[in-house]
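Structure at a glance
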Amino acid sequence: MPIKRVGIISKPKKTEIREIVPSLLQWLRDRSIEVFIDKETGSIMQTSEHCLTRNEMPGQVDLLIVLGGDGTLLATARALNRKPVPILAVNLGGLGFLTGVTREELYPTLEMVLAGTHGSDPRVQIEGELIRADEVITSFLALNDVVLNKGAIARIFDFELRVDGQFVSTYKSDGLIVSTPTGSTAYSLAAGGPIVTPAVQAFIVTPICAHTLTHRPLVLPDTVKIEVTVKSQREAAYLTVDGQVGITTRSEDLVRLRKACSCVELVQPPSTQYFEILQEKLKWGER
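Residues numbered from 1 in each chain as written. Predicted model: local features only at pLDDT ≥ 70, side-chain atom pairs only at ≥ 80, totals over all residues. Heavy atoms only, no water.

Along the backbone of the chain there are six helices and 17 strands. In summary, the chain has a C-alpha radius of gyration of 20 Å against a globular reference of 19 Å for 287 residues, a match within 12%. With respect to the principal axes defined by its C-alpha atoms, the chain has extents near 60 × 45 × 35 Å. Going through the 287 residues of the chain one by one, you find that 51% of them count as buried. Long-range contacts, defined here as pairs at least 24 residues apart, represent 66% of the contacts in the chain between residues at least 6 apart. Averaging the coordinates of the 31 positive side-chain charges in the chain and doing the same for the 33 negative ones gives two points 4 Å apart. (Helix = DSSP H or I, 4+ residues; strand = E, 2+ residues; numbered from the N terminus. Rg over C-alpha atoms; globule rule 2.2 N^0.38 Å. Buried < 20%, exposed > 50% of the residue type's maximum accessible area, 1.4 Å probe, protein only. Contact = heavy atoms within 4.5 Å. Lys, Arg positive; Asp, Glu negative; His and termini not counted. Charge placed at Lys NZ, Arg CZ, Asp CG, Glu CD.)

In structure tokens form, the structure reads like this:
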């Protein structure tokens, strides 16, 4: 599909935005492409011209350029709300597992996108619901992970896990993470979970500081339906989506998770290799 309209979403606090955006706008307009920027970027650039909210943007454009770090990309992925708009994510952050395009690669990658010769990397999302007394309280999409964990008080929680209706176990732990392969290098990895390459069709269930040492990370096919029931009479557990959206849960609340029918398409330069990213970000082989 030809690219005629492009949206730019950025992390406004990044000082590089003032340097990058004006020349990027001009580059796109020189190629007769209509450009929109999100309102946060508009406030930094002190303009309201062609400004949209992040939620409005996916319905108006053929490509989204994200300038920032992984957090900016995760927020943008949720704003897609199932719309099949590819994302070109430029890393201006720190670690940058997901934002795989460097500043130097931005324009060469854009040239390939306009020519239709770019690579793409579809990423699975988790679709979830929080159910209380048989009523859906909220629904959500996650690209990285869905986490249930405790608040500030150091008490162990019970989380009852079922897969396709079959009881698995009751986890006594500080929390429970359900992640996609994309999220396997995020919180799940820090909690002792495995690294799972994005091409693997799987979900990973990782307990956080499990009280029972035999409770280890569990890798499941992404065709299953996962249900986690919160078992906590004294303290509230918190449901967190991609580390950004927090919801307070109650005892006997049910979190129901499954593979979303939509995915997030990340634009990748042809030179990008997954294991090279791991070597660079995780410093594999260094002493």
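So much for the structure itself; the text now carries on.
Moving on, we come to the side chain of Thr 180. Tracing the backbone shows Thr 180 in the loop between β11 (175-179) and α5 (187-190). In terms of polar contacts, Thr 180 uses its side chain to reach the backbone carbonyl oxygen of Leu 143, at 2.6 Å. With residues up to four places along the chain from it excluded, the contact list for Thr 180 reads Val 124, Gln 125, Ile 126, Ala 142, Leu 143, Asn 144, Ala 202, Phe 203 and Ile 204. (Polar contact = N/O pair within 3.5 Å; in protein donor to acceptor, adjacent residues only side chain to side chain.)

Moving on, we come to the confidence of the model for the chain. For the chain, mean pLDDT is 90; residues scoring 70 or higher make up 97% of the total. Across the chain, the element-wise mean pLDDT spans from 81 in helix α6 (residues 274-282) up to 98 in strand β13 (residues 218-221). (pLDDT = per-residue confidence, 0-100.)

We describe a pair of aromatic rings using the distance from one ring centre to the other and the angle between the two ring planes. Under the counting rule described, the total for this entry stands at three aromatic pairs. Taken together, a centroid distance of 5.4 Å and an interplanar angle of 50 degrees make the contact between Trp 27 and Tyr 107 tilted. With a gap of 80 residues between them, Trp 27 in helix α1 (residues 17-29) and Tyr 107 in helix α4 (residues 106-115) connect regions that are remote in the sequence. Taking the relative accessible area as the measure of exposure, Tyr 107 reaches 26% and is therefore partly exposed. For the pair Phe 157 and Phe 159, a centre-to-centre distance of 6.0 Å together with 10 degrees between the ring planes defines the contact as stacked. For Phe 157, a relative accessible area of 2% corresponds to the buried category. (Phe/Tyr/Trp six-rings, centres within 6.5 Å; stacked < 30°, edge-to-face > 60°.)

Let us now look at helix α3 (residues 70-80). Most of α3 sits inside the fold, with eight of its 11 residues counted as buried. Lining the buried residues of α3 we find β1 (5-10), β4 (63-68), β5 (87-91), β6 (119-132) and β17 (254-268). One or two positions beyond α3, positive phi appears at Asn 81, with a value near 50 degrees.

The next thing to look at is the sheet that holds strand β15 (residues 238-241). Pairing within the open sheet is antiparallel, and its six strands lie in the order β13-β12-β11-β8-β15-β16. Since the sheet does not close on itself, it has two edges, and those belong to β13 and β16 (245-248), each with one partner. Between one strand axis and the next, the sheet turns by 15 degrees as a mean value, whatever way the strands run. In terms of strand pairing, strand β8 (residues 145-149) meets β11 through five bridges, oriented antiparallel. Residue pairing in the sheet places Asp 145 in a bridge with Ser 179 of β11. (Pairing = 2+ DSSP bridges. Axes fitted to C-alpha atoms, helices over the stretch in contact; angles between N-to-C directions.)

Okay, the environment of Gln 26 next. In this fold, Gln 26 is placed in helix α1. By relative accessible area, which is 44% here, Gln 26 ends up partly exposed. Here the alpha-carbon distance between Gln 26 and Glu 160, two residues 134 residues apart in the chain, equals 54 Å.

Looking at where Ile 8 falls in the secondary structure, it is placed in strand β1. Residue Ile 8 is classed as buried on the basis of its relative accessible area, which comes to 0%. With 25 residues separating them along the chain, Ile 8 and Ile 33 place their C-alpha atoms 12 Å apart. In contact with Ile 8, not counting residues within four places along its chain, are Leu 24, Leu 25, Leu 28, Val 35, Phe 36, Ile 37, Asp 38, Thr 41, Met 57, Ile 65 and Leu 67.

Here the focus is unusual backbone geometry. Phi angles above zero are rare outside glycine, and Ala 133 is one such case at about 55 degrees. Among the structural elements, Ala 133 can be located in the loop between β6 and β7 (135-142). A positive phi angle is found at Asp 134, which is not glycine, with a value near 65 degrees. Structurally, Asp 134 can be placed in the loop between β6 and β7. According to the relative accessible area criterion, Asp 134 is exposed, its value standing at 80%.

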